[in-house]
Amino acid sequence: MAPKLPPKAPLEHGNSITGGASAHEGEHHYRSGPLRWLLTTNHKEIGTLYLIFSLSMFMVGGIMALVVRLELFQPGLQMVQPEFFNQMTTMHGLIMIFGAVMPGFVGLANWMVPLQVGAPDMALPRLNNFSFWLLPIAFVLLLSTLLMPGGGPNFGWTSYAPLSTTYAPPSTTFFIFSLHMAGISSILGAINIIATILNLRAPGMRLMDMTLFVWTWLITAFLLIAVMPVLAGVLTMMLLDINFGTSFFNAAGGGDPVLFQHLFWFFGHPEVYIMILPAFGIVSVIVPTFARKPLFGYSSMVYATASIAVLSFTVWAHHMFSVGLPLVAELFFMYATMLIAVPTGVKVFNWIATLFRGSITFETAMLFALAFIVLFSIGGFSGLMLAIAPADFQYHDTYFVVAHFHYVLVPGAVFSIMAAVYYWLPKWTGHYPDERLGRWHFWLSVIGVNLLFFPMHFAGLAGMPRRIPDYALQFADFNMASSIGGFLFGFSQLLFIWVIVKCVRGGVKAPARSWDGATDLEWTVPSPAPLHTFETPPDMRRIES
Amino acid sequence: MTPVQRTVTKTVIALIGMVCFTIALVPLYDVFCQITGLNGKVASQAQPIISEEVDTSRYVTVQFITRTGSGLPWRLEPLDRQVRVHPGQSYKVLFAFTNYGDEARRGRAVPSVSPSEASLHLRKVTCFCFQEQRLEAGEHLRLPVVFQLTTDLPESVHTVTLAYTLYPAANNPTLGERAMPAQGGDA
């Protein structure tokens, strides 16, 4: 088997792909104004809605992070009360995970999966609309808890019981309800993506012909189906404990708080891969494009992704090394966690091998993808350090953990979304993004993000605990540097918005194949992509020779 | 059925399967912990003393820790903070309950054993933790715990810690009855 990117020879001549599309374009503009967006079932429009929602949640969650960084700029209590600080850390985590990163990836999947598999739309367009519109409702509800008596959730995004049950603010029921809605949205989105990928591929496109972005999303969707019910279950048990007098997590009634942690992390660890696998896919399409070489080791990439997904179910207790696990369990979860470094290493190796002797150009999308490879690897290494069970007793709940997961989530997941936006903006808008502004955005972000998160490693190793609004004096310099980096990173995202707005309004016209080395199916449709594409599926059957 | 419907049906079945699995995880966790003793829970009913030869060659230190809180104005203190015991022999230790509050309250002590390897080898014949206690305002009460460490306690265990945490039981009698089934240690 010699898997490769989809054959492009028959497609470049196929004018039937888009020929049929323009004929239908006019009749679908019968609705205008807000109702059009409320009722749309078009995968591109829903994708746009998801991406706009994700960007706005990124800004809201970012403002909360800046409140946190402002308070931590100097030791002592300056700006906010500890109660509000706790709400900010909690809401920042919840909003960034469930409101920014996950919808961002779902938005990209909505836009690009049908285009990359040659499908006219998602398999279940109305469900698609429903799963998007659940999100704004869920997050308005979640944000409204900040205004309720007792404030919003203040127990950390992990919402460990009994902190989130017995000692939680009264608004916790609303928090549970909003996360239920976000979870249902994710599940419906995942079902839709699976149905699209498995059923609507262009004739002749085999699974091993799909782009890595489609592959990683297929695997991510299965992870979502597997673990979102666990989150829903654990939230429901919290709800019952709070409102109906059960004792799932209440030791007084015979329950066990550690059960909460087991259940939560059984969801939570696959969840962190849900937030990184699509990023792997994005980088695996961008790097070959700008290195002008096919992806090195395509099939090993697919198998590595699948094995990361499978292994993710066997490592959850590495978040709980210090709860008092027996030695056997500590060792098992330590080695299982370290095992994940192997498929991840395969991926990093393949990206570097793809770059090797390629004719590389450094467009903004490529800059973000390259930064992803380097900085995600740093996050991966600190993850390996945390996996060492005896060492984790020192690192647990310190800023070292904060540094680790922010390295994999910000220059990891978030940079990959930014790379994807720069990469696909020509396809979405028909204009190239402004390269000069893009480079400014990139360099300010890279400098900001490293200044923000790198010192946290040192503060954490020296023992600075997480989620505390004040700290000992010896951490003052590290925190001041982090805060300066935080504001630099935060405000440089305004440039990102400017680049997007500018690109939507105009710019250098992009041809159908906007990037020199782009070979995937989406580059065969015109830029900007018309509302309806691939109504006649492209023929991907290989010409036997 | 169209292929899309078939895929969606399969996915929804997988989804329902995961929901059932999640619900099953709670009793599974309890059973798993009961068999392995991993969460340090000990039997919540009296267990008979196993008559076995006392292993006089070996000493194990048993420490007693108590915690109060959760809004119950009580104090619980072990009269012996630690004892050195031979596996196989049964011992009696006393705990003192005091209600500092100005009203009668009911409370319940929940035991926990660490290291968890020892929890299956600690047998209790008498324990105040088997039922709720009711203390009048200012009342002082001494209650015994009779326990035995079995001789098959792993060699590596030299110290066993038995911790009691006091929780308020509902003053409302109907609520109190509802709290009773929780004795069985179900989730």
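So, how was this worked out
- Residues numbered from 1 in each chain as written.
- Chains lettered and ligands numbered in written order.
- Predicted model: local features only at pLDDT ≥ 70, side-chain atom pairs only at ≥ 80, totals over all residues.
- Heavy atoms only, no water.
- Helix = DSSP H or I, 4+ residues; strand = E, 2+ residues; numbered from the N terminus.
- Buried < 20%, exposed > 50% of the residue type's maximum accessible area, 1.4 Å probe, protein only.
- Contact = heavy atoms within 4.5 Å.
- Areas by Shrake-Rupley, 256 points an atom, 1.4 Å probe, with all protein chains shown as cover.
- Lys, Arg positive; Asp, Glu negative; His and termini not counted.
- Charge placed at Lys NZ, Arg CZ, Asp CG, Glu CD.
- Disulfide = S-S within 2.5 Å.
- Pairing = 2+ DSSP bridges.
- Axes fitted to C-alpha atoms, helices over the stretch in contact; angles between N-to-C directions.
- UniProt positions renumbered as here; feature names shortened; annotations may be inferred.
- Domains from an automatic or database assignment.
- Phe/Tyr/Trp six-rings, centres within 6.5 Å; stacked < 30°, edge-to-face > 60°.
- Lys NZ or Arg CZ within 6 Å of the ring centre and 35° of its normal.
- Core = buried A, V, L, I, M, F, W, Y, C linked by side-chain atoms within 4.5 Å.
- Salt bridge = Lys/Arg side-chain N within 4 Å of Asp/Glu carboxyl O.
- pLDDT = per-residue confidence, 0-100.
- Buried area = accessible area lost by both parts, 1.4 Å probe.
- Nonpolar A, V, L, I, M, F, W, Y, C, P; charged D, E, K, R; others polar.

1. Concerning the overall build of chain B
Working step 1: Helices and strands together make up the secondary structure of chain B, namely two helices and nine strands.
Working step 2: The N-to-C order of helical and strand elements in chain B reads α-β-β-β-β-β-β-β-β-β-α.
Working step 3: Structurally, chain B occupies a C-alpha span of about 75 × 50 × 25 Å along its principal axes.
Working step 4: Within chain B, the proportion of its 187 residues that are buried is 43%.
Working step 5: Considering only contacts in chain B between residues 6 or more positions apart, those separated by 24 or more positions represent 78%.
Working step 6: Roughly 9,800 Å² of accessible area belongs to chain B as shown, and the carbon and sulfur atoms make up 57% of that amount.
Working step 7: Side-chain charges of chain B comprise 17 positive and 16 negative groups, with the mean position of each set lying 6 Å from the other.

2. Focus: the state of the cysteines
Cysteine pairs can be linked by a disulfide, which is a covalent bond between their two sulfur atoms.
Residues and elements named next belong to chain B.
Working step 1: Summed over the entire model, instances satisfying the criterion amount to one disulfide over all chains.
Working step 2: In this model Cys 127 forms its disulfide with Cys 129; the gap between the sulfur atoms is 2.3 Å. Taking the sign of the torsion about the S-S bond as the criterion, the disulfide between Cys 127 and Cys 129, at about 130°, is right-handed.
Working step 3: Judged by its relative accessible area of 4%, Cys 127 falls in the buried class.

3. With respect to the sheet that holds strand β9 (residues 159-169) of chain B
Residues and elements named next belong to chain B.
Working step 1: The mixed open sheet is built from five strands, whose spatial order is β3-β1-β9-β5-β7. The sheet is open, and its two edges are formed by β3 (82-85) and β7 (133-135), each paired on a single side. Averaged over all adjacent pairs, the angle separating strand axes in this sheet is 30°, with direction ignored.
Working step 2: Bridge analysis of strand β5 (residues 105-114) against β7 gives three bridges, and the strand direction is antiparallel. For Gly 107, the partnering residue across the bridge sits in β7 and is Gln 133.

4. Points about the UniProt feature "domain: Cytochrome oxidase subunit I profile" (unreviewed entry) in chain A
Working step 1: Mapped onto the present numbering, the UniProt feature "domain: Cytochrome oxidase subunit I profile" (unreviewed entry) falls at residues 31-541 of chain A.
Working step 2: Along residues 31-541 of chain A one finds 68% helix and 0% strand; the C-alpha atoms at either end are 38 Å apart.

5. Observations concerning the domain arrangement of chain B
Working step 1: Splitting chain B by domain gives domain 1 (1-36) and domain 2 (40-184).
Working step 2: When each unit is reduced to the centre of its C-alpha atoms, the spacing between domain 1 of chain B and domain 2 of chain B is 38 Å.

6. Looking at the packing of aromatic side chains
Working step 1: Inspection of the entire model under this criterion finds 52 aromatic pairs over all chains.
Working step 2: Each ring, one from Phe 290 of chain A and one from Tyr 423 of chain A, has its centre 5.9 Å from the other, and the planes form 70°; the classification is edge-to-face. Linking Phe 290 of chain A in helix α10 (residues 277-291) with Tyr 423 of chain A in helix α15 (residues 399-429), this pair joins segments that are 133 residues apart in sequence. With respect to burial, Phe 290 of chain A and Tyr 423 of chain A carry one shared label: buried.
Working step 3: Aromatic side chains Phe 368 of chain A and Tyr 422 of chain A sit 5.6 Å apart centroid to centroid with 15° between the ring planes, which places their arrangement in the stacked category. Taken together, the positions of Phe 368 of chain A in helix α13 (residues 364-387) and Tyr 422 of chain A in helix α15 put the pair 54 residues apart, joining distant regions of the chain.
Working step 4: Look at Tyr 422 of chain A and you get buried, because its relative accessible area is 1%.
Working step 5: Chaining the aromatic ring pairs together yields one cluster made of Phe 98, Trp 157, Tyr 160, Phe 248, Phe 249, Phe 260, Phe 264, Trp 265 and Phe 267 of chain A.
Working step 6: Residue placement shows Arg 84 of chain B over the ring face of Tyr 59 of chain B; its charged tip is 4.4 Å from the ring centre.

7. A look at the nonpolar core
Working step 1: The biggest cluster of nonpolar side chains holds 184 residues, and the ones touching the most others in it are Phe 98, Leu 108, Phe 139, Phe 249 and Trp 424 of chain A.
Working step 2: Among the nonpolar cores identified, the runner-up in size contains 31 residues, and Trp 74, Phe 97, Phe 128 and Val 157 of chain B belong to it.

8. Some words on the sheet that holds strand β4 (residues 90-99) of chain B
Residue and element names in this part refer to chain B.
Working step 1: A sheet is described by the order of its strands in space; here four strands give the open sequence β2-β4-β8-β6, paired in antiparallel fashion. Sheet topology places β2 (74-78) and β6 (122-126) at the edges, where each strand pairs with a single neighbour. Direction aside, the axes of adjacent strands within the sheet are offset by 30° on average.
Working step 2: Where β6 meets strand β8 (residues 140-149), four bridges bridge the pair, whose relative direction is antiparallel. Directly across from Lys 124, in β8, lies its bridge partner Phe 147.

9. Looking at the pattern of salt bridges
Two side chains that carry opposite charge are able to pair once their charged atoms sit near each other.
Working step 1: Inspection of every chain in the model, using the stated rule, returns 12 salt bridges over all chains.
Working step 2: We note a salt bridge from Asp 397 of chain A to Arg 466 of chain A, for which the minimum N-O separation is 3.8 Å. Here Asp 397 of chain A, found in the loop between α14 (389-395) and α15, pairs with Arg 466 of chain A, found in the loop between α16 (435-461) and α17 (476-505); they are 69 residues apart in sequence, far enough to count as distant.
Working step 3: Of the charged contacts, one joins Arg 134 of chain B and Glu 136 of chain B as a salt bridge, the two residues approaching to 3.3 Å between their closest N and O atoms.
Working step 4: Arg 134 of chain B sits in the partly exposed class, given a relative accessible area of 49%.

10. Considering the confidence of the model for chain A
Working step 1: Predicted confidence across chain A gives a mean pLDDT of 92, with 94% of residues reaching 70 or more.
Working step 2: Long-range and interchain partners of residues 1-27 of chain A, a stretch whose pLDDT sits below 50, account for 42 contacts in this model, where long-range means more than four residues apart.

11. Things to note about the domain arrangement of chain A
All names here are of chain A.
Working step 1: By domain assignment, chain A separates into domain 1 (45-224) and domain 2 (276-529).
Working step 2: Taking the mean C-alpha position of each, domain 1 and domain 2 sit 17 Å from one another.
Working step 3: Contacts between domain 1 and domain 2 engage 46 residues on the former and 59 residues on the latter.
Working step 4: Roughly 4,200 Å² of surface becomes buried between domain 1 and domain 2 when both sides are summed, with 78% attributable to carbon and sulfur atoms.
Working step 5: Interface area lost by domain 1 to domain 2 is led by Arg 69, Phe 105 and Leu 212, which between them contribute 16%.
Working step 6: On inspection of domain 1 and its partner domain 2, the count reaches zero salt bridges.
Working step 7: Breaking the side of domain 1 that touches domain 2 down by element, the ones donating at least two residues are α4 (43-71), α5 (82-117) and α8 (212-243).
Working step 8: A per-element tally of the side of domain 1 that touches domain 2 places α5 first, with 13 residues.
Working step 9: The class makeup of the residues in the side of domain 1 that touches domain 2 is 31 nonpolar, 12 polar and three charged.

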